[in-house]
Amino acid sequence: MTKFKFGIIGTGRIGKFHIENLMRYIPDVDVYAAADVMIDASSEWLEEQGIKHIYQDYTDLLKLEDLDAVVISTPTDTHADIAIASAEAGKHVFCEKPVDLTVERVKEVIEVVKKSNVKFQVGFNRRFDHNFRRVREHVEKGNIGDIHTVLVTSRDPAPPSIDYIKSSGGLFLDMMIHDFDMVRYQSGAEVVAVTAHGANLVDPAIEEAGDIDTAIVTLELSNGALAMINNSRQAVYGYDQRVEVFGSKGQAVAHNDKPNAVELYTTEDISTDKIPYFFLDRYTGAFVNQFTDFVKALKDEIEVPVNDVDGLRAIEIALACNESLKTGQRVELKYD
Amino acid sequence: MKKVKLAVIGAGNVGRIHVENIVNKLDNAELVAVSDFYPEKYNEIASEKGWPLARKEYREILKDEEVDAVVIATPAALHGDMIIESAKAGKDVFCEKPLDYDKEKIVEIMKIVEETGIKLQIGFNRRFDKNFMKAKELVETGKLGDIHVIKITSRDPSPPGMEYFTAPGGEHCSIYTDTTIHDFDMVRFFNPAEVVEVYAMGSKLINKDVEEITRDDTCVITLRFEDDSLAVIDNSWEAVYGYDQRSEVFGTKGAVTVENDVFSETTLHATEGIISEKPLVTIKDRYGESYANEIKAFVDAIQNDAKVPVDAYDGLISIVIADAARLSAEENRPIKIKELMPEM
């Protein structure tokens with residue numbers, strides 16, 4: 001069959017990573033075009049990859065008639081505009097999270113996507129991680145019975161720059177957003193209430209920038225189950241990513257991946273190596289898997305596994321957490 | 001040094017663990033008397049094992065000058081008055097948790113303990129578990145730096161029976177006062193800072209279809225300390241795979257995690273997969289040694305006239321936090337501890 005022609009909009013760190021993964025691991029995709037406002041910074045690299053159509057203005061990329069889909073990996077505040085333009089141009093969309101920091105704009109995107117009849121997948125890659133996918137399989141197969149509790153621990157090895165934090169929308173929109181999606185993915189339920197507890201324990205500069213660096217959120221789910229997410233911006237021992245789903249018949253626990261399976265025994269103790277430090281290392285498989293499933297959806301004309309509405313729900317939960325943090329109270333979520 | 005002469009009041013499941021430990025594992029103490037309102041079951045076991053037989057009347061024990069200290073392991077509703085009587089009789093007291101469900105009563109107990117000068121230790125045995133003691137050592141030796149987040153998972157293998165709710169004093173019983181109470185003490189054990197706020201989220205999931213049971217059987221509780229650090233506890237009354245007791249302390253320099261003790265370290269590698277043993281199920285199996293350790297520490301404190309390692313204040317705070325958690329779950333709002341602290 002002919003390959004799907006993809007255009008990558010935003011060729012910074014993540015964009016380049018997507019291009020590499022698509023070229024190496026997704027045979028049904030031809031990385032046909034790329035666009036970036038600072039295209040000079042990456043044009044040489046893009047040409048070396050064999051990408052023929054390179055633009056500074058993404059609207060020019062959208063004019064390519066053969067183009068089937070776009071991957072949006074630009075700064076967050078441009079996602080909605082580019083997504084809308086892409087959908088209106090009849091291109092399927094893979095959009096990095098978050099779709100936008102406001103409910104209004106995400107709903108706009110959903111409207112346009114519906115009218116344009118294109119597929120829209122959000123880059124919540126952790127659903128595609130081999131560990132978390134396997135936990136969900138156990139849940140789906142009934143191995144843990146009725147879900148009672150979902151626990152997510154998610155800690156970064158180090159905080160991002162203060163400049164980044166200032167425009168990120170805060171910890172819940174930037175970091176915990178993955179975990180909100182994870183809770184929905186594992187439970188198959190919606191979040192009906194949240195209570196957020198935040199603290200500034202890692203770096204006073206983060207507090208000065210108006211954000212928190214440590215948080216525990218407890219969530220009530222529409223199926224009666226309980227969930228908990230705890231985040232920290234700094235785990236010195238590595239990128240700590242664990243998920244547990246506990247139920248009436250048992251529990252499924254995903255521990256951290258290890259870089260290797262080697263143990264060292266000495267007079268002191270038994271030791272193994274630290275957890276992978278950088279999210280691109282930890283989630284390489286997931287980044288690839290999400291494209292495999294996106295392409296399958298295009299090919300078989302089925303639903304994408306995580307779509308614009310999933311993107312909206314995660315934002316709604318994050319905003320409710322922002323409110324809970326401000327008021328110090330439980331916040332209920334209402335969905336239309 | 002002279003052995004401390006102990007009496008065990010209440011020879012049920014927990015009382016018998018104490019009896020066995022004192023007889024077999026403690027060389028600084030001697031078991032001189034046992035009492036229970038219904039001594040038949042205990043006496044059957046005691047005659048086989050050569051333990052002292054139980055009498056019905058505990059007050060005889062309190063009058064006995066030979067007895068130095070008592071271990072109270074009766075039903076919770078009886079604890080408060082028994083502690084007071086024992087204190088007035090001049091006996092040092094080790095009392096199973098909770099000291100009482102009523103925090104005002106605990107304040108009264110604390111006053112009498114101070115007046116009479118006796119030692120009172122509360123049975124928060126998990127502080128004496130070798131796993132949690134090692135975790136605490138890592139915290140104290142600075143391996144974790146400043147504590148940021150404490151995370152505890154504490155699940156029982158099966159829920160209490162209906163008699164738990166219908167017995168006298170049953171209206172006070174809840175997952176917060178009976179199960180989480182250990183975890184409220186453990187977070188304070190790991191981080192000695194005071195707890196200032198509690199938020200509890202509870203649900204009835206195990207007994208979902210049982211109309212007679214109205215109380216929560218599953219909960220997730222968040223706590224904030226005065227140093228701004230956080231803790232989260234998740235409980236369930238039914239982990240079908242065993243007694244799930246895991247803790248984690250996370251800080252600036254690292255984290256310590258404690259996994260479950262299991263039946264054995266044997267693993268089967270087969271075509272079906274890699275199969276290992278489940279967590280231990282009974283309190284005796286999982287925590288038996290910690291029961292011996294805590295009594296030993298109690299006896300050491302008596303012999304050396306030192307402070308007991310976990311006292312009435314720890315007992316009081318755990319009930320205040322439990323009350324706050326119960327209120328929080330009922331009213332769906334965070335509760336500040338100072339709202340519920342009694343007048344001291």
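Quick notes on the rules
Residues numbered from 1 in each chain as written. Chains lettered and ligands numbered in written order. Predicted model: local features only at pLDDT ≥ 70, side-chain atom pairs only at ≥ 80, totals over all residues. Helix = DSSP H or I, 4+ residues; strand = E, 2+ residues; numbered from the N terminus. Buried ≥ 20, exposed ≤ 12 C-beta atoms within 10 Å, placed from the backbone. Contact = placed C-beta atoms within 7 Å. Core = buried A, V, L, I, M, F, W, Y, C linked by C-beta atoms within 7 Å. Domains from an automatic or database assignment. pLDDT = per-residue confidence, 0-100. Pairing = 2+ DSSP bridges. Axes fitted to C-alpha atoms, helices over the stretch in contact; angles between N-to-C directions. Left-handed = near helix turned anticlockwise from the far one by under 90°. Nonpolar A, V, L, I, M, F, W, Y, C, P; charged D, E, K, R; others polar.

Chemist: Please explain the overall build of chain A as it appears in this structure.
Modeler: Secondary structure assignment for chain A yields 13 helices and 15 strands. Dimensions of chain A, computed from C-alpha atoms along their principal axes, come out at roughly 55 × 55 × 45 Å. The proportion of buried residues among the 336 residues of chain A is 51%. Partitioning the contacts of chain A with sequence separation of at least 6, the portion at a separation of at least 24 is 72%.

Chemist: Just checking my understanding: could you explain the nonpolar core for this structure?
Modeler: Generally speaking, soluble globular proteins have nonpolar side chains that are buried together. Of all hydrophobic cores here, the largest spans 192 residues; its most connected members are Val93, Met176 and Ala318 of chain A together with Val8, Val93, Val198 and Ile221 of chain B. For Val93 of chain A, the residues in contact, after removing those within four places along its chain, are Ala69, Val70, Ile72, Ala83, Ser86, Ala87, Val118 and Phe120 of chain A.

Chemist: What's the story with the domain arrangement of chain A in this structure? I'm lost.
Modeler: Note: interface size is frequently given as the accessible area lost on complex formation between the parts. Residues and elements named next belong to chain A. Domain assignment breaks chain A into domain 1 (4-118) and domain 2 (127-287 + 313-332). For domain 1 versus domain 2, the separation of C-alpha centres amounts to 27 Å. Taken together, the contacts link seven residues of domain 1 with nine residues of domain 2.

Chemist: Is there a simple way to think about the confidence of the model for chain B in this case?
Modeler: One rule of thumb: low pLDDT means the predicted coordinates there are not for detailed reading. For chain B, per-residue confidence averages 95 on the pLDDT scale, and residues scoring 70 or more make up 100% of the total. Both confidence scores are given for the complex: pTM 0.94, ipTM 0.92.

Chemist: Looking at this model, I keep getting lost on the sheet that holds strand S8 (residues 195-203) of chain B. Mind explaining?
Modeler: Strands in a sheet are paired, the pairing made by backbone hydrogen bonds, and the direction either parallel or antiparallel. Residues and elements named next belong to chain B. Strand order across the open sheet formed by seven strands is S12-S11-S7-S10-S9-S8-S15, with mixed pairing between neighbours. The outermost strands of the open sheet, each flanked by one partner alone, are strand S12 (255-258) and strand S15 (335-336). When strand S11 (residues 244-251) meets S12, the two strands line up antiparallel, connected through four bridges. Bridge pairing links Val249 to Val256 in S12.

Chemist: Any chance you could explain the packing of helix H1 (residues 13-25) of chain A against helix H12 (residues 284-300) of chain A here in plain terms?
Modeler: When two helices pack together, their arrangement is given by the angle between the helix axes and the distance between those axes. Residue and element names in this part refer to chain A. It is the contact of H1 with H12, at a shortest axis distance of 10 Å, that shows an interaxial angle of 65°. The element H1 and its partner H12 pack so that their crossing is right-handed. Every residue of H12 that contacts H1 at Phe17, Asn21, Leu22 and Tyr25 is listed here: Phe287, Val288 and Phe291.

Chemist: What should I look at first to understand the domain arrangement of chain B in this one?
Modeler: Residue and element names in this part refer to chain B. Along its sequence, chain B is organised into domain 1 (4-125 + 288-310) and domain 2 (127-281 + 318-340). Here the C-alpha centre of domain 2 lies 26 Å away from the C-alpha centre of domain 1. Sorting the residues of the side of domain 1 that touches domain 2 by element identifies helix H4 (76-88), helix H5 (103-116) and helix H10 (283-303) as the ones contributing at least two each. At five residues, the largest contribution of residues to the side of domain 1 that touches domain 2 is made by H10. In terms of residue class, the side of domain 1 that touches domain 2 is built from eight nonpolar, three polar and four charged.

Chemist: Honestly, the environment of Gly12 of chain B in this entry has me stumped. Any pointers?
Modeler: Residue and element names in this part refer to chain B. Structurally, the position occupied by Gly12 is in the loop between strand S1 (4-9) and helix H1 (13-25). On the neighbour-count criterion, Gly12 (16 C-beta atoms within 10 Å) is partly exposed. Note: C-alpha distance between Gly12 and Lys41 (29 residues apart in sequence) is 8.5 Å.

Chemist: Explanation requested: the sheet that holds strand S9 (residues 214-221) of chain A in the structure shown.
Modeler: Residues and elements named next belong to chain A. The strand order across the open sheet built from seven strands is S12-S11-S7-S10-S9-S8-S15, with neighbouring strands paired in mixed fashion. In this open sheet, the two strands that pair with only one neighbour each are strand S12 (250-254) and strand S15 (331-332). Running over the sheet, helix H6 (residues 130-140) touches strand S7 (147-155), strand S11 (240-247) and S12 and is turned about 170° from S12. Of the strands in this sheet, strand S8 (191-199), S9 and S15 are in contact with helix H13 (residues 308-327), which crosses S8 at around 50°.

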